[in-house]
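In case you want the letters, here they are:
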Amino acid sequence: MFKHRSTQRRRVSLAVAGAAGVALAAGVAVSASATSASVAVSAAAAHSDQARTVKPTIVLVHGAWSDSSSWSGVVKRLQAAGYQVDAPANPLRSLKSDSAYLADYLKTIRGPIILVGHSYGGEVITNAATGNPNVKALVYIAALTPAQGESAATISAEFPGSHLSDNPKAPIPTALNAVPFAQGIGSTGIDLYLKADKYRDVFLSGRFNNATAAQLAATQRPLTAQALVEPSGTPAWKTIPSWYLVASDDRTIPPAAEKFMARRAHAHTVEVNAPHAVALTNPGAVTSLIEKAAAARG
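Let us look at the structure shown here. (Residues numbered from 1 in each chain as written. Predicted model: local features only at pLDDT ≥ 70, side-chain atom pairs only at ≥ 80, totals over all residues. Heavy atoms only, no water.)

1. Things to note about the pairing of strand β1 (residues 57-61)
Along β1, five of the five residues are buried, which leaves the element largely enclosed by surrounding structure. Covered by surrounding structure in β1 are Thr57, Val59 and Val61 together with Ile58 and Leu60, the residues of both alternating faces. Note: β1 against strand β2 (residues 84-86), three bridges, orientation parallel. Bridged to isoleucine 58 within β2 is valine 85. With respect to chirality, the unit in which β1 leads through helix α2 (residues 72-80) into the neighbouring parallel β2 is right-handed. Where β1 lies against strand β3 (residues 113-118), five bridges are found, and the strand directions are parallel. When the sheet's bridge partners are listed, threonine 57 is paired in β3 with isoleucine 113. (Buried < 20%, exposed > 50% of the residue type's maximum accessible area, 1.4 Å probe, protein only. Helix = DSSP H or I, 4+ residues; strand = E, 2+ residues; numbered from the N terminus. Pairing = 2+ DSSP bridges. Right-handed = clockwise from strand over helix to strand, strands pointing away.)

2. Considering helix α4 (residues 121-128)
Owing to its 3.6 residues per turn, the α-helix aligns residues three or four sequence positions apart on the same side. In terms of burial, α4 is largely enclosed, as eight of its eight residues are buried. Listed in full, the buried residues belonging to α4 are Gly121, Gly122, Glu123, Val124, Ile125, Thr126, Asn127 and Ala128. Looking at the buried side of α4, the elements it contacts are β1, α3 (95-106), β3, β4 (135-141), α5 (152-158) and α8 (225-229). (Contact = heavy atoms within 4.5 Å.)

3. Observations concerning the sheet that holds strand β5 (residues 176-182)
Sheet strands line up and pair through hydrogen bonds in the backbone, either parallel or antiparallel. Taken in spatial order, the three strands of this open sheet run β5-β6-β7, and their pairing is antiparallel. The sheet terminates laterally at β5 and β7 (223-224), the two strands that pair on one side only. Relative to strand β6 (residues 188-194), β5 is paired through seven bridges, and the arrangement is antiparallel. For alanine 178, the partnering residue across the bridge sits in β6 and is leucine 192.

4. Re the environment of aspartate 67
Its location among the elements puts aspartate 67 in the loop between β1 and α2. When the C-alpha positions of aspartate 67 and threonine 219 are compared, they lie 8.2 Å apart, and in sequence the two are 152 residues distant. Aspartate 67 has contacts with His62, Thr219 and Arg221, leaving out every residue within four places of it along the chain. Of note is the side chain of aspartate 67, whose polar atom sits 2.4 Å from the side chain of serine 69. (Polar contact = N/O pair within 3.5 Å; in protein donor to acceptor, adjacent residues only side chain to side chain.)

5. Quick word on the pattern of salt bridges
In the structure shown here, the tally under the stated rule is seven salt bridges. Aspartate 104 is the salt-bridge partner of lysine 107, the closest N and O atoms lying 3.9 Å from each other. A salt bridge links aspartate 249 to arginine 207, with the shortest nitrogen-to-oxygen separation between them at 3.1 Å. On the criterion of sequence distance, the pair formed by aspartate 249 in the loop between β8 (242-247) and α9 (255-264) and arginine 207 in the loop between α6 (196-202) and α7 (210-218) is long-range, its members being 42 residues apart. The exposure class of arginine 207 is partly exposed, given its relative accessible area of 35%. Three or more residues are tied together by salt bridges with common partners; here these are Asp201, Arg207, Asp249 and Arg251. (Salt bridge = Lys/Arg side-chain N within 4 Å of Asp/Glu carboxyl O.)

6. Concerning the nonpolar core
Formed by 52 residues in total, the largest nonpolar core has its most connected members in Leu102, Leu115, Leu138 and Leu194. The element contributing the most residues to this core is α3, with four residues. Those residues in contact with leucine 138 that lie beyond four places of it in its chain are Leu115, Ile125, Ala129, Ala236, Trp237, Ile240, Pro241, Ser242 and Trp243. Leu60, Ile114, Ile141 and Ala279 belong to the second-largest nonpolar core, a separate cluster that totals 26 residues. (Core = buried A, V, L, I, M, F, W, Y, C linked by side-chain atoms within 4.5 Å.)

By themselves, these are just geometric observations and shouldn't be taken as functional.
Right under this line is the structure:
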């Protein structure tokens, strides 16, 4: 009898121990599962936070009669704010080839891009950004913003008042020097330089002294005559949100033309009392608009 009760007690003890073991194992499994889930959620949250804090790359595209150094004041401010900034050289050879060059350049950049163009650079970004999903915003700084089929020449003809020419019938705008060059394929191209004695008026609206204007005129890069008349393709501003800075004292592109193009593109627009070379005279205003675009599209 005592032996039978002892056997029963051992069976009960083993059953209890077994149940406790199962419960403990289940607890460990649940705990491990909860820990894994917690880690996964934390990792996802960290990745989401990181994605939100990654700033876009700012790409600055200069126009005619200047070079990438014209963005120096803007670059300094954007870099101080933590942005990666690229200011590639715009070839200024033809709208088609310049746009293709920039489009290829943009493909080398990972992540979101805010694409900024000044003057003729606006035409280039309008064509280069088309079809690139990484370009989140277009920012036009006193820039040409053409519709399909338009050119710099046709826009200028619609909005008189530019100081580039005092004779609308002249084959070459009177403020420009035409310099022929061999293109290497049996034909001749024409480079257009802004005349040194016109530079301060046309490009700077008299904002800098004569010595500074002369230095800028001496280091300018020319645009080909072909680029002025080449029609634009499908405009990126049809599908990509845009921002526009109107330079109200612009003597290169009439402010009326800038306002028209900004309205047509449904751009977020600001107006600054500045010349065509607004990135040189008002880099803070230019930087502010770029940062607004980056914040809106970040």
